[in-house]
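# Architecture and fold: a report
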Amino acid sequence: QVQLVESGGGLVQPGGSLRLSCAASGFTYDYYAIGWFRQAPGKEREGVSCISSTDGSTYYEDSVKGRFTVSRDNAKNTVYLQMNSLKPEDTAVYYCALGLEFSSCTKEEYDYWGQGTQVSVSS
């Protein structure tokens, strides 16, 4: 069974940084994508960043471009989301998810989900 475990969330001040990790296990797919999604209170879950297992192609939501960086450590089956210059608007529960292809960074394309980790940005 597929298991995804997020970690690294916390409370930071505006302008601070966090590094989220997503450890994936329980699958042997050759082609897959890992996505980072977030859901703030009262809002839809949105794609933040997604990365392909094959060529490393990436997607970033416009509001995080230049601030967030997604990366992979294939040997560890782990995907990271480095978040810099954090803003209060980034406050949300962040989820990682596994999809079987890299078609889009939308929640409908992802099949397995982690439990989420809270990111709070406040002064």
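These numbers were taken from a predicted model, which means no experiment stands behind them. (Residues numbered from 1 in each chain as written. Predicted model: local features only at pLDDT ≥ 70, side-chain atom pairs only at ≥ 80, totals over all residues. Heavy atoms only, no water.)

What follows deals with the side chain of Ser53. The topology assignment puts Ser53 in the loop between β5 (46–52) and β6 (58–60). Accessibility expressed as a relative area gives 13% for Ser53, which makes it buried. Residues in contact with Ser53, not counting those within four places in the same chain, are Asp30, Tyr31, Tyr32 and Arg72. (Helix = DSSP H or I, 4+ residues; strand = E, 2+ residues; numbered from the N terminus. Buried < 20%, exposed > 50% of the residue type's maximum accessible area, 1.4 Å probe, protein only. Contact = heavy atoms within 4.5 Å.)

The subject of this paragraph is a nonpolar patch on the surface. Taken together, the side chains of Tyr29, Leu100 and Tyr112 present a nonpolar region at the surface, about 260 Å² in accessible area. Assignment of secondary structure puts Tyr112 in strand β10 (residues 112–113). (Patch = residues over 30% accessible without salt bridge, like charges linked within 9 Å, V, L, I, M, F, W, Y side chains within 5 Å. Areas by Shrake-Rupley, 256 points an atom, 1.4 Å probe, with all protein chains shown as cover. Salt bridge = Lys/Arg side-chain N within 4 Å of Asp/Glu carboxyl O.)

Glancing now at the side chain of Ser49. Structurally, Ser49 can be placed in strand β5. At a separation of 3.0 Å, a polar atom in the side chain of Ser49 contacts the main-chain carbonyl oxygen of Tyr59. In contact with Ser49, other than residues within four places in its own chain, are Ile34, Gly35, Trp36, Tyr59, Tyr60, Val70, Leu81 and Cys105. (Polar contact = N/O pair within 3.5 Å; in protein donor to acceptor, adjacent residues only side chain to side chain.)

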